[in-house]
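Analysis of the macromolecular model
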Amino acid sequence: MQKVVQRTLRAERVSNRKKAKAREHLSKAEGWSNFHATNRLKRVTSANIKTARFNRQEDWEAGALLAPRRDVEDQANTYGAIMMYNANVPELPARKQPKWLPFSEGDRLLVIKGRDKGRIGECIEVQKERGCVRIKGLNVMDVIVPEWMKAEDSSRDAIEGISRFLPLESVQLVYPLPDPVTGIPRDVVIERLIHINHRFDKMKREWTPGDRLIPGTNTIIPWPPTADPTYDDFADDTLRITVEEQTFRPCLMTPPMPVTVIDELRNKYSRFRTRHTWQYVEQKELEAAKVEKRKELVKGMRTPLQELAEVRRLKREAEGERELSEEQLARIGEVIASERGKAVGTVRGLAR
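Residues numbered from 1 in each chain as written. Predicted model: local features only at pLDDT ≥ 70, side-chain atom pairs only at ≥ 80, totals over all residues. Heavy atoms only, no water.

Here the focus is the sheet that holds strand E7 (residues 166-167). Taking strand neighbours across the sheet as the criterion, the 6 strands line up as E7-E4-E3-E2-E8-E9 in an open arrangement whose pairing is antiparallel. Looking at the sheet topology across the chains shown, the edges are occupied by E7 and strand E9 (185-190). Pairing geometry for strand E8 (residues 171-178) and E9, over 6 bridges, is antiparallel. Paired with Pro176 across the bridge in E9 is Asp187. (Pairing = 2+ DSSP bridges. Helix = DSSP H or I, 4+ residues; strand = E, 2+ residues; numbered from the N terminus.)

Let us look at the pattern of salt bridges. Throughout the structure, instances matching the rule amount to 17 salt bridges. The salt bridge partner of Glu310 is Arg302, with a shortest N-O separation of 3.9 Å. Look at Glu310 and you get partly exposed, because its relative accessible area is 22%. Beyond isolated ion pairs, a larger network of salt bridges with shared partners links Arg302, Glu310, Arg313 and Glu317. (Salt bridge = Lys/Arg side-chain N within 4 Å of Asp/Glu carboxyl O. Buried < 20%, exposed > 50% of the residue type's maximum accessible area, 1.4 Å probe, protein only.)

So, about the confidence of the model for the protein. Note that predicted coordinates carrying low pLDDT should not be read in detail. When the pLDDT values of the protein are averaged, the result is 85; 97% of them are 70 or greater. Of all secondary-structure elements in the protein, the lowest mean pLDDT belongs to helix H4 (residues 261-265), at 77, while strand E2 (residues 108-111) reaches the highest, 94. (pLDDT = per-residue confidence, 0-100.)

A few words now on the nonpolar core. Grouped together as the largest cluster of nonpolar side chains are 18 residues, with contacts concentrated most on Phe103, Leu109, Val133, Ile135, Val171, Leu173 and Ile221. Sorting the residues of this core by element identifies E2, strand E3 (120-127), strand E4 (132-135) and E8 as the ones contributing at least two each. It is E8 that provides the largest number of residues to this core, a total of 3 residues. Setting aside anything within four residues of it in sequence, one finds Ile135 in contact with Leu109, Val111, Gly121, Glu122, Cys123, Ile124, Ser163, Leu166 and Val171. (Core = buried A, V, L, I, M, F, W, Y, C linked by side-chain atoms within 4.5 Å. Contact = heavy atoms within 4.5 Å.)

For the rest of this paragraph, the subject is the environment of Pro68. Assignment of secondary structure puts Pro68 in the loop between helix H1 (2-66) and strand E1 (82-83). On the accessibility criterion, Pro68 (38% relative accessible area) is partly exposed. C-alpha of Pro68 to C-alpha of Val181: the two residues are 113 residues apart in sequence and 61 Å apart in space. Sequence-distant contacts of Pro68, that is, excluding residues within four places in its chain, are made with Glu58 and Asp59.

Assignment of secondary structure puts Asn139 in the loop between E4 and strand E5 (140-144). Engagement of the side chain of Asn139 in a polar contact is seen with the backbone oxygen of Phe165, the distance being 3.4 Å. Leaving out residues up to four positions away in the same chain, Asn139 has contacts with Arg115, Asp116, Ile162, Ser163, Arg164, Phe165 and Leu166. (Polar contact = N/O pair within 3.5 Å; in protein donor to acceptor, adjacent residues only side chain to side chain.)

Among the structural elements, Gln172 can be located in strand E8. Once residues lying within four places of it in the same chain are set aside, the contact partners of Gln172 are Phe103, Arg108, Leu109, Leu110, Ile112, Val189, Ile190 and Glu191.

Residues Arg7, Arg10, Arg13 and Arg17 make up a contiguous surface patch of positive charge. Mapping Arg10 onto the fold places it in helix H1. Since its relative accessible area comes to 45%, Arg10 is described here as partly exposed. (Patch = residues over 30% accessible without salt bridge, like charges linked within 9 Å, V, L, I, M, F, W, Y side chains within 5 Å. Areas by Shrake-Rupley, 256 points an atom, 1.4 Å probe, with all protein chains shown as cover. Lys, Arg positive; Asp, Glu negative; His and termini not counted. Charge placed at Lys NZ, Arg CZ, Asp CG, Glu CD.)

A separate point is helix H6 (residues 304-319). Helix length check: H6, at 16 residues, gives a terminal C-alpha distance of 22 Å against a target of 22 Å (1.5 Å per residue), a fit within 8%. Positive backbone phi, at 75 degrees, marks Gly320, one or two positions downstream of H6. (Expected span 1.5 Å × (residues − 1).)

Below you can see the structure in the form of C-alpha cells.
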C-alpha cells in the first residue's frame, strides 16, 4: 500500500512541475506578445505624427489656395481617423501592473493631463491589466470601423468616435465633501488615496474591495453603488418553476447516490486518485503481508553466525547505552595523560 501512496505523491510532484513550467511558458509568451504590441503601437503613432507634421509643413508652404486635398479616394470618409486596432492600449507586464485601483465605474474623475485637461467626467471602465481608465465623453477619437463590422450592421458609419483610455497618472478623483466652515458639500479633488480593510477571501479565492482612505485623515471615500446585473429572458430559457421542481425523492432502501458516481467524477484509473475500492486495498494489504511472510521465511534459513549476530544485536538494543564506571573513567584519564606526556616529550626533543 505504501508503494501506491508513494506513486501518487510522485505523480502529483511531476504534475506540479509540468504545470509550473506551462505557467512560466505562458507568462513568457504573454510578455513577448505585449512587448511587440507596445512597439507596434509606438511605431504606428510615431508614423502618424511624422506624417501629420509633414502635411502641415506642406500645407503651410503651399498656402490656402495650393494646399492639396487629402480627404479623397479611399480616405474620403476616413481622413484623420485611425484604425480601431491601433486605438487599444496594450497590457502592462505583471511587475508594472498596479496593485490596486483607487477608481471604479461610476466615479467622477478629473483629467489633469492631455487635451481635456481640467474637464470632469464619469468613469465607465477600469482596466487593471492596462493601468488605465475610460471616461465618458472625454479623450474622444475617431476610429475607422472595419469592413466586417459594417457588414454585420449596415447602418454604421465609416468612422465612429470612442473614448480612449487614460492612464491612472492622468486622472484624479472628484468627490463632494462637507466644507469645514459652512458644512455644505462641495467638490474636492483628491490627489491620493490609500487602500485599507482589505483581506483575502478563501472561499472566493480573491481579495475583497476594502475601503479607500484619504491619507492623514479619517475620511473614507465610499465606492460608487453598483446596480444588480440584469438578464434578458428569451423564448428558449428554462422556466424557474421547472428548475425548482423536485424530481429526485430518495428513500431509506437505496442510497442517495450510487457508488459508481465517483468513477464518473474522477477517472477510476487515474494516477492521482486518493480513494480506492476495498477490493484494491485488500489486495495491496495481502501483497504486503506476503512480503513480510517471505522475510520471516528468510530468517529461518540463516547460518549460525548470522543467528549469533542477530542475538548480539537484540541484546545490545535491550541493554541500551551503558554508563562507564569510576574505574574505567580513571583508566581512560591515565591513558590520555600518558599519551599527552609522550607528545610533549617528542616536541621538546625536536625543538632541541
